[in-house]
Amino acid sequence: MMRLHARTLLFASALLAGPGFADTGITGEAATSIQPGLADSGRDIALQADQQQQLRRTITALESEYGAYGPALPEQLLSLGLSLQQEGRHGDAIAVFKRGTHLARVTSGLYSTEQIPLLQSEVASLTALKDYLGADQRQDYLYRVQMRALSDPAQRTRALLQHARWQGQAYIHAIDEEPAQRLLQMWELNRLALNAILEEEGDQSPALLEPLHEMLRAHYLISDYQLQSGSGTGHGFNDRGGRRLTGYRKDNYDQGRALLKAIHNLEQIHRQPGADTPALTLVMLGDWMLWHQKHEEAFAVYRQAIEELVADDGAELSAARFLGKPEALPATMASDPLSPRASTSSGDVVLEFTVSAEGRVSNLNRLDDNSNANGFANRLMRRLRQTLFRPRFDLATGEPLATEKLTLAYDSKQ
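Conventions and cut-offs
- Along each chain, residues carry numbers from 1 onward, in the same order as the chain's sequence is written.
- Owing to the predicted nature of the model, reporting of local features is limited to residues with pLDDT of at least 70; listing and counting of side-chain atom pairs is limited to 80 or more, with chain, interface and lining totals taken over all residues.
- In computing side-chain values, all of the structure's heavy atoms are included and hydrogens and water are not.
- Counting from the N terminus, the helices are DSSP H or I runs at least four residues long and the strands are E runs at least two residues long.
- Only protein chains enter the accessibility calculation, which uses a 1.4 Å probe; a residue whose area is less than 20% of its type maximum is buried, one above 50% is exposed, and one in between is partly exposed.
- What makes two residues a contact is simply this: any of their non-hydrogen atoms within 4.5 Å.
- Under the convention used here, a 1.4 Å probe and the Shrake-Rupley method define accessible areas, while residue burial counts only the protein chains that appear.
- pLDDT gives the predictor's per-residue confidence on a scale running from 0 to 100.
- In this description, a nonpolar core means a group of buried Ala, Val, Leu, Ile, Met, Phe, Trp, Tyr and Cys residues linked to one another through side-chain atoms lying within 4.5 Å.
- Ring pairs shown here join Phe, Tyr and Trp side chains whose ring centres sit within 6.5 Å, with only the six-membered ring taken for Trp; geometry is labelled stacked below 30 degrees between planes, edge-to-face above 60, and tilted in between.
- The rule is short: NZ of Lys or CZ of Arg within 6 Å of the ring centre and within 35 degrees of the ring normal puts a charge over the ring.
- By this rule, a helix spans an expected 1.5 Å times one less than how many residues it contains.
- Note that the arc is computed from the directions linking the helix axis to the C-beta atoms.
- The term polar contact refers here to a pair of N or O atoms within 3.5 Å; inside protein, the definition further demands a hydrogen-donor-capable atom paired with an acceptor-capable atom, and it admits residues adjacent in sequence only when both atoms are side-chain atoms.

### Points about the overall build of the protein chain
Okay, so step 1: A count of helices and strands for the protein chain gives 15 helices and seven strands.
Okay, so step 2: The 414 residues of the protein chain split such that 49% are buried.
Okay, so step 3: Long-range pairs, those at least 24 residues apart, make up 69% of the contacts in the protein chain between residues at least 6 apart in sequence.
Okay, so step 4: Working note: accessible area of the protein chain is about 19800 Å², and carbon and sulfur atoms make up 49% of it.

### Side note on the confidence of the model for the protein chain
Okay, so step 1: Here the protein chain averages 83 in pLDDT, while 79% of its residues score no lower than 70.
Okay, so step 2: The low-confidence segment residues 1-11, where pLDDT is below 50, has 35 contacts with residues more than four positions distant or belonging to other chains.
Okay, so step 3: Contacts for the low-pLDDT stretch residues 18-39, under 50 throughout, to residues beyond four places or in other chains number 35 contacts.

### Notes on the side chain of glutamine 167
Okay, so step 1: Relative to the assigned elements, glutamine 167 resides in helix H7 (residues 153-173).
Okay, so step 2: Contact partners of glutamine 167, with chain neighbours within four places excluded, come to Arg182, Gln185, Met186 and Leu189.

### Looking at the nonpolar core
Okay, so step 1: The biggest cluster of nonpolar side chains holds 46 residues, and the ones touching the most others in it are Leu212, Leu216, Leu290, Tyr302 and Leu323.
Okay, so step 2: For this core, the secondary structure elements donating two or more residues are helix H8 (179-201), helix H9 (209-224), helix H11 (252-269), helix H12 (279-291), helix H13 (295-311) and helix H14 (316-323).
Okay, so step 3: When residues in this core are grouped by element, the largest group, ten residues, is from H12.
Okay, so step 4: Those residues in contact with leucine 323 that sit more than four places away from it in its chain are Val283, Tyr302, Ala305, Ile306, Leu309, Arg390, Pro391, Arg392, Phe393 and Leu395.
Okay, so step 5: Of all hydrophobic cores here, the second largest spans 17 residues; its members include Ala373, Leu380, Met381 and Phe389.

### Looking at the packing of aromatic side chains
Okay, so step 1: Enumeration according to the criterion identifies six aromatic pairs in this entry.
Okay, so step 2: An aromatic cluster of three or more residues is present, and its members are Tyr220, Trp288 and Trp291.
Okay, so step 3: Seen from the ring of tyrosine 111, arginine 148 lies directly overhead, with NZ or CZ sitting 4.4 Å from the centre.
Okay, so step 4: Over the face of the ring belonging to tyrosine 253 we find lysine 294, whose NZ or CZ atom lies 4.7 Å from the ring centre.

### Description of helix H15 (residues 374-386)
Residues separated by three or four positions in an α-helix point in the same direction, a consequence of the helix having 3.6 residues per turn.
Okay, so step 1: The end-to-end C-alpha separation of H15 is 19 Å, in line with the 18 Å expected for 13 residues at 1.5 Å each.
Okay, so step 2: Turning to H15, its buried residues are Phe376, Ala377, Leu380, Met381 and Leu384. For H15, the buried positions fall inside an angular range of 135° around the axis, keeping them on one side.
Okay, so step 3: Along its buried surface, H15 packs onto strand E2 (349-355), strand E3 (361-366), strand E4 (389-390) and strand E7 (403-410).

### Points about unusual backbone geometry
Okay, so step 1: In this model, leucine 329 is joined to proline 330 through a cis peptide bond whose omega is 0°.
Okay, so step 2: Here the phi dihedral of lysine 130 falls at roughly 65°; this positive angle occurs in a residue that is not glycine.
Okay, so step 3: With a relative accessible area of 59%, lysine 130 lands in the exposed category.

### Observations concerning the environment of threonine 387
Okay, so step 1: Residue position: threonine 387 is located in the loop between H15 and E4.
Okay, so step 2: Using a relative accessible area of 1% as the deciding quantity, one classes threonine 387 as buried.
Okay, so step 3: The spacing of threonine 387 and valine 361 is 26 residues in sequence and 7.3 Å in space, taken between C-alpha atoms.
Okay, so step 4: Within the local environment of threonine 387, its side chain forms a polar contact with the backbone oxygen of arginine 383, the two atoms lying 2.8 Å apart.

Here it is as structure tokens:
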């Protein structure tokens, strides 16, 4: 499999792990069959075991009355699989989901909607087991079923968005020979979802924000993708995805700016009382400019964002939150490119460093003496040296400032 560039792996998972990334899309009665926190106590574990036992008795009774292909069996199998999944028994859950999908296909048709929640749940469990190739195969089948079975425009759009997110995850894990092709699919599926929403709901629909943000994430990944020479491997410029990606990279900066402008306009229209001001989109625009080494333009936009935030009643805290401290890029307001960090300030590896007024890391040192984590620490330090930061700003003058003695803590087993 192709090895992805180190910085790509650094931020890819953070970009694509926002809300809804692992969303199964399960709704209705099946979704409510599992309550949050069932494994938090012995009492809840007992309740879950009782629930599974009752579901198995119901399945046995249905088989006895209606045979092995009774039409009510897939729904009960879904509930049982979800219960096993919630308990962390993903292997057992996958077997149950597979059986339910097979029965639904036999009893309701090759592309029946009854298969959809079963397939979504199976993908979730396969992903939890890190069987990414298996999850990719089932996700591909799920998408074919959705496109054949779903007639409601909103449901079809949701399917497009979910499949686009999966392409991003497949890219991160480099599960096939052409990872660049995954980025192209991620971008194209979000474009199709955007066009579908435009057609159904118009150009001022708040639903447009999700595909716009996802397309921006795709552009960040595209901008960082390092085309390889393919010497002896058949990758890089020689692979189909790499050649097509070259065209996307030429217009990447301008397209990202256009996306941010559209996001800014929509957030101005739909701003809710107490919500973050649309001026924060200017911060995102500054990030995009800084990411592309356009320092003067980026700092001018950051200063404009500070002025708008400070002038906006109640937004001073937002100004301090986003511009009063350094932030690793790309910062999408909902992700952390340097995750997963330790849950406390005293992890196995503790790093101290400075972020310059230009957003570069310097004076990087280890504060821990854990010799068992040397390899892990060296990898972290390489990552951090490659990371670009949005620097801290003086909110009174709008000038970028260096920040010293920043610390990050990591657990080596994460």
